[in-house]
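Listed below, chain by chain, are the residues.
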Amino acid sequence: LTTPPGDVNTVHDFLVAVWGEAATVSDIDRISIETALIELAANVMQHADSDGAGLACEFAIVIDDEAIAITVRDTGEPGDIQLVGAEMPELDAESGRGLALINALVDDVAYSQEGGHNVWRLRRSRVATA
């Protein structure tokens, strides 16, 4: 994915292709992963591209019998990411739900900077097969 022109719809299209080849993934796992990944992608596009010049994101997904693991690598600006203690904001807040929502949907979230890239790792244990 390169932005522009790519956006969260590109991420959704990627997942549609993945699910087409992963028929055993349950609906709850699909919905959880889709929501978490699209939220993460939206946050990366919004916060890691502060100068509006665009960025590149690489998405990798591994599905096995126990879990779904996703790695997102982007060329955006490094962030000061606080994964621990991310909480939902007040009901009337217009932003700030991203990391809390992602944490609620997956079992593990990790962020690091590697080789000049931001690297996100999400993992969700599979609850059942389709």
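Our subject is the structure listed above.
The rules behind the values
Here the residue numbering is sequential within each chain, running from 1 through the sequence in written order. Given that the model is predicted, a residue must reach a pLDDT of at least 70 before its local features are reported, and side-chain atom pairs must reach 80 or more before they are shown or counted; all residues, however, enter totals for whole chains, interfaces and linings. Excluding hydrogens and water, the side-chain figures rest on all heavy atoms present in the structure. By definition, any uninterrupted DSSP run of H or I lasting at least four residues is a helix, any uninterrupted run of E lasting at least two residues is a strand, and each is numbered from the N terminus. For each residue, the accessible area found with a 1.4 Å probe, counting protein chains only, is set against the maximum for its type, and the residue is called buried under 20%, exposed over 50%, and partly exposed in between. Note on contacts: a residue pair qualifies if any of its non-hydrogen atoms lie within 4.5 Å across the two residues. Method for areas: the Shrake-Rupley scheme with a 1.4 Å probe, in which residue coverage is limited to the protein chains shown. Any two strands with at least two DSSP-identified bridges between them are counted as paired. Here a helix's expected span is defined as the number of its residues, less one, multiplied by 1.5 Å. This arc describes the spread of directions from the helix axis toward the C-beta atoms. Under this definition, polar contacts are N or O atom pairs within 3.5 Å; protein pairs additionally need one hydrogen-donor-capable and one acceptor-capable atom, and for neighbouring residues in sequence, both atoms have to be side-chain atoms.

**Observations regarding the overall build of the protein**
Here is step 1 of the chain: Helix and strand counts for the protein stand at three helices and five strands.
Here is step 2 of the chain: With 130 residues in all, the protein has 35% of them scored as buried.
Here is step 3 of the chain: Across the protein, every contact between residues at least 6 apart in sequence was considered, and the portion connecting residues at least 24 apart equals 61%.
Here is step 4 of the chain: When the accessible surface of the protein is split by element, carbon and sulfur atoms take 51% of a total near 7,400 Å².

**Focus: the pairing of strand β2 (residues 55-63)**
Here is step 1 of the chain: Here strand β1 (residues 2-3) runs beside β2; their pairing, made up of two bridges, is antiparallel. Across the sheet, the residue bridging to T3 is L55, located in β2.
Here is step 2 of the chain: The sheet contact formed by β2 and strand β3 (residues 67-74) spans seven bridges and is antiparallel. Within the sheet, the bridge partner assigned to A60 lies in β3 and is T71.
Here is step 3 of the chain: Counting the residues that bridge the hairpin from β2 to β3 gives three residues.

**Observations regarding helix α1 (residues 8-20)**
Here is step 1 of the chain: The end-to-end C-alpha distance of α1, which contains 13 residues, comes to 19 Å, matching closely the 18 Å that a straight helix rising 1.5 Å per residue would cover.
Here is step 2 of the chain: All of the buried residues along α1 are V11, L15, V18 and W19. Buried positions in α1, seen along its axis, are confined to an arc of 95 degrees and lie on one side of it. Exposed and oriented more than 90 degrees from the buried face of α1 are N9, D13 and G20.
Here is step 3 of the chain: Two or three places before N9, at the start of α1, stands the capping residue D7, its side-chain oxygen 2.9 Å from that residue's backbone nitrogen.

**With respect to the pairing of strand β4 (residues 108-114)**
Here is step 1 of the chain: Two elements, β4 and strand β5 (residues 117-125), share seven bridges in a ladder whose sense is antiparallel. Following the sheet pairing, Q113 is matched in β5 by N118.
Here is step 2 of the chain: A loop of two residues connects β4 with β5, the two strands running antiparallel in sequence, and G115 in this loop sits at a positive phi of about 55 degrees.

Honestly, it's all geometry; don't read function into it.
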